[in-house]
Amino acid sequence: MRILVTGGTGFLGTHLVPLLLDAGHQVRCLGRSRPPAAWADRVEFVQADLKDAAAVEGAIADLDALVHLAGLVSFKKDDGRKMYELHVDATRELLKAIIASGQKPRVVLASTSGTIAVSKTERVGSEADDYPIETVGRWPYYLSKIYEEKLALELCRKNGLPLVVLNPSLLMGPGDDRLSSTWTVVKFLQRDIPAMPGGGMSFVDARDVARAAVAALSRGDLYGRHLMGVNLSMHDFFKRLERLTGVAAPRVSLPRDVNILGAWALERFAKWRKTDAPLDPLEVEVGEHWFWCDSSKAERELGFVARDPYETLHDTVQYVMTRLPPTALPGLKGELFDKRSGR
């Protein structure tokens, strides 16, 4: 197939593109950063922003499939406008350009489990759930992804473009150069988490999602969503990281409202001192919610299989440590356990 991958040089893209190439597909990447040297000479690369209409028009020529990965992960309020422009405005213009060209390529959209499986109480979300707009309304990342997902489903269904939506939970594993998706591990290693969050998190290895994205080129529920993730309480997640790294998990457990109010107080104190707070209050608020999801549909429709979470966490920490200077990891003790041990 002749495939356009937007955001192909990002975290998920760097795992997906080699799989597509090895499967014999012709791959064109549209993005701002250059591809890795390992496969740069095997793809057609269009260095451009999705806002560049002329570049987009050239990139969509003669397509069998579009894999739309371009995105920005941030929980900072100041990035809200930027994420809306990328996830909603740019996606709308990209799909409208394809529709105007008269082509009907298969579309695979990388969304997030946060458009479905987010709750203030302990529960497991499924694709049957409605959009949790009331819950995520203060979080610009998830809100913009909901709007992107709804937009893509409406435009593709109306214009006959076959669409499969992928809803992975928090991406982990090696390769997150910007340390945006693996921010929870970064904050843990830097000892920036003073109290144990009370919610439940779900994460998934980017390498496993990449394989599901390849399968989505020929499989999957058309105009359907596909959740993928491994569910752990925040307590279990940080205790596993403690066993892997020797860094102590947060020992203090506080009520949900106290955690959140404390984060806002620390942010105001940091602004008064003209410094940066270790945690954004919205990050703390996110940690007090439940992101557990049911992956059975993705397993059934796309052959999704989540690898051992210890392997994912081991490889995540190893990679993060190569991206951070030693001064950013105060008091880190010992070496990581081998990924086959420490259970």
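So, how was this worked out
- Residues numbered from 1 in each chain as written.
- Predicted model: local features only at pLDDT ≥ 70, side-chain atom pairs only at ≥ 80, totals over all residues.
- Heavy atoms only, no water.
- Phe/Tyr/Trp six-rings, centres within 6.5 Å; stacked < 30°, edge-to-face > 60°.
- Buried < 20%, exposed > 50% of the residue type's maximum accessible area, 1.4 Å probe, protein only.
- Lys NZ or Arg CZ within 6 Å of the ring centre and 35° of its normal.
- Helix = DSSP H or I, 4+ residues; strand = E, 2+ residues; numbered from the N terminus.
- Contact = heavy atoms within 4.5 Å.
- Salt bridge = Lys/Arg side-chain N within 4 Å of Asp/Glu carboxyl O.

**Concerning the packing of aromatic side chains**
Inference 1: Counting across every chain of the model gives 12 aromatic pairs.
Inference 2: Each ring, one from tryptophan 290 and one from tryptophan 292, has its centre 4.9 Å from the other, and the planes form 80°; the classification is edge-to-face. Comparing tryptophan 290 with tryptophan 292 shows no difference in burial state: the two are buried.
Inference 3: Every member of this aromatic cluster is reached through a ring pair, and the members are Phe75, Trp139, Tyr141, Tyr142, Trp183 and Phe291.
Inference 4: Its guanidinium or amino end placed over the ring of tyrosine 131, arginine 225 lies 4.7 Å from that ring's centre, counting from NZ or CZ.

**Remarks on the environment of isoleucine 98**
Inference 1: Relative to the helices and strands, isoleucine 98 resides in helix H3 (residues 80-100).
Inference 2: Residue isoleucine 98 is classed as buried on the basis of its relative accessible area, which comes to 0%.
Inference 3: It is 8.1 Å that separates the C-alpha atoms of isoleucine 98 and glutamate 57, two residues lying 41 residues apart in sequence.
Inference 4: Once residues lying within four places of it in the same chain are set aside, the contact partners of isoleucine 98 are Ile60, Leu66, Gln103, Pro105 and Leu161.

**Some remarks on the pattern of salt bridges**
Should the charged atoms of two oppositely charged side chains come close, the side chains can pair.
Inference 1: The final tally for this structure, using the stated rule, is 23 salt bridges.
Inference 2: Salt-bridge contacts for arginine 138 lead to glutamate 285; the nearest nitrogen and oxygen are separated by 3.0 Å. In this pair, arginine 138 sits in the loop between helix H4 (133-136) and helix H5 (140-159) while glutamate 285 sits in helix H10 (residues 281-287), placing the two residues 147 residues apart along the sequence.
Inference 3: Residue arginine 138 is classed as partly exposed on the basis of its relative accessible area of 47%.
Inference 4: For glutamate 285, a relative accessible area of 9% corresponds to the buried category.
Inference 5: Linking arginine 207 and aspartate 315 is a salt bridge whose minimum nitrogen-to-oxygen distance equals 3.0 Å. With arginine 207 in helix H7 (residues 206-215) and aspartate 315 in helix H12 (residues 309-323), this pair connects stretches of sequence that are 108 residues apart. The two residues arginine 207 and aspartate 315 agree in class, both being buried.
Inference 6: Through salt bridges with shared partners, one network takes in Asp205, Arg207, Asp208, Arg211, Arg307, Glu311 and Asp315.

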